[in-house]
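Notes for the structure review
Below are the chains, spelled out letter by letter.
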Amino acid sequence: MDALPPGALFKLTEKDRQLLGLLQANAREPTASLARKLGVSRSAVQERINRLENAGVITGYSVRIDQDKLQQVINCFTMTSCSNKSYTDVMTTLRKMDAVQAVYAVSGEMDFIIHLTTHTLGELNAELTRINMIKGVTHTASHIVMETKFSKKLTL
């Protein structure tokens, strides 16, 4: 099965949902262990994973890092407004910035929320200056994260 056409939705079975939940908790869990937990064969799990990958439902695997165990990281969320028809150019520039972790399109007064991470306030200031200088960015409002009270994994 090839990737789904743009706009097409993939129909998940209950086993698919369970499998995705297990993979979100630990993407490195062995297929045999996943099969035991799901009550299916190892080959059935591998086929499901392949099907979900080929359809573009699973787009990759990542590592979750406990930033508290590493050097301090500054997280900042910057609400951003853009002039009409500049979204593509703004996204192209933001995508190239290493400090930008994610960009969320939102409803309301602002167009985007940009998640930035840096190691120092000086670096953050420089990144915010770069964002404010992007052609098409009309307004920003930044909020530095003081503490993460909790963070949940995505549930299906």
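Residues numbered from 1 in each chain as written. Predicted model: local features only at pLDDT ≥ 70, side-chain atom pairs only at ≥ 80, totals over all residues. Heavy atoms only, no water.

Going by an unreviewed UniProt entry, the chain carries the name AsnC family transcriptional regulator and comes from Pseudomonas putida NBRC 14164.

Packed helices, taken two at a time, are described by the angle their axes make and the gap between the axes. The contact between helix α1 (residues 14–25) and helix α3 (residues 42–54) brings their axes to 11 Å, and the two run at 85 degrees. Classified by the angle between their axes, α1 and α3 sit roughly perpendicular to one another. In contact with K15, D16, L19, L20 and L23 of α1, α3 contributes V45, R48, I49, R51 and L52. Residue classes in the contact of α1 with α3 are distributed as six nonpolar, no polar and four charged. (Axes fitted to C-alpha atoms, helices over the stretch in contact; angles between N-to-C directions. Helix = DSSP H or I, 4+ residues; strand = E, 2+ residues; numbered from the N terminus. Parallel < 35°, antiparallel > 145°, perpendicular 65-115°, else oblique. Contact = heavy atoms within 4.5 Å. Nonpolar A, V, L, I, M, F, W, Y, C, P; charged D, E, K, R; others polar.)

Attention now moves to the pattern of salt bridges. On inspection of all chains with the given rule, the structure shows five salt bridges. Its salt-bridge partner being R48, residue D16 comes within 2.8 Å of it at the nearest N-O pair. Placement of D16 in helix α1 and of R48 in helix α3 is noted, with a sequence separation of 32 residues between them. You'll find D16 and R48 in the same group, each marked buried. Residue E127 pairs with R130 through a salt bridge whose shortest N-O separation is 3.5 Å. Here E127 pairs with R130, and both are found in helix α5 (residues 121–133), just three residues apart, close to one helical turn. (Salt bridge = Lys/Arg side-chain N within 4 Å of Asp/Glu carboxyl O. Buried < 20%, exposed > 50% of the residue type's maximum accessible area, 1.4 Å probe, protein only.)

On the surface, L121, I144 and M146 cluster together into a nonpolar patch covering about 370 Å² of accessible area. Assignment of secondary structure puts I144 in strand β4 (residues 137–144). What makes I144 partly exposed here is its relative accessible area of 40%. (Patch = residues over 30% accessible without salt bridge, like charges linked within 9 Å, V, L, I, M, F, W, Y side chains within 5 Å. Areas by Shrake-Rupley, 256 points an atom, 1.4 Å probe, with all protein chains shown as cover.)

Now for the sheet that holds strand β3 (residues 112–118). The strand order β2-β3-β1-β4 describes an open sheet built from four strands, whose pairing is antiparallel. Each of the sheet's edge strands pairs with one partner strand only, and the pair in question is β2 (100–105) and β4. Adjacent strand axes in the sheet meet at a mean angle of 20 degrees when their direction is disregarded. Of the pairings in the sheet, the one linking strand β1 (residues 74–82) to β4 comprises seven bridges and is antiparallel in character. Considered in β4, the bridge of F77 is made with H143. (Pairing = 2+ DSSP bridges.)

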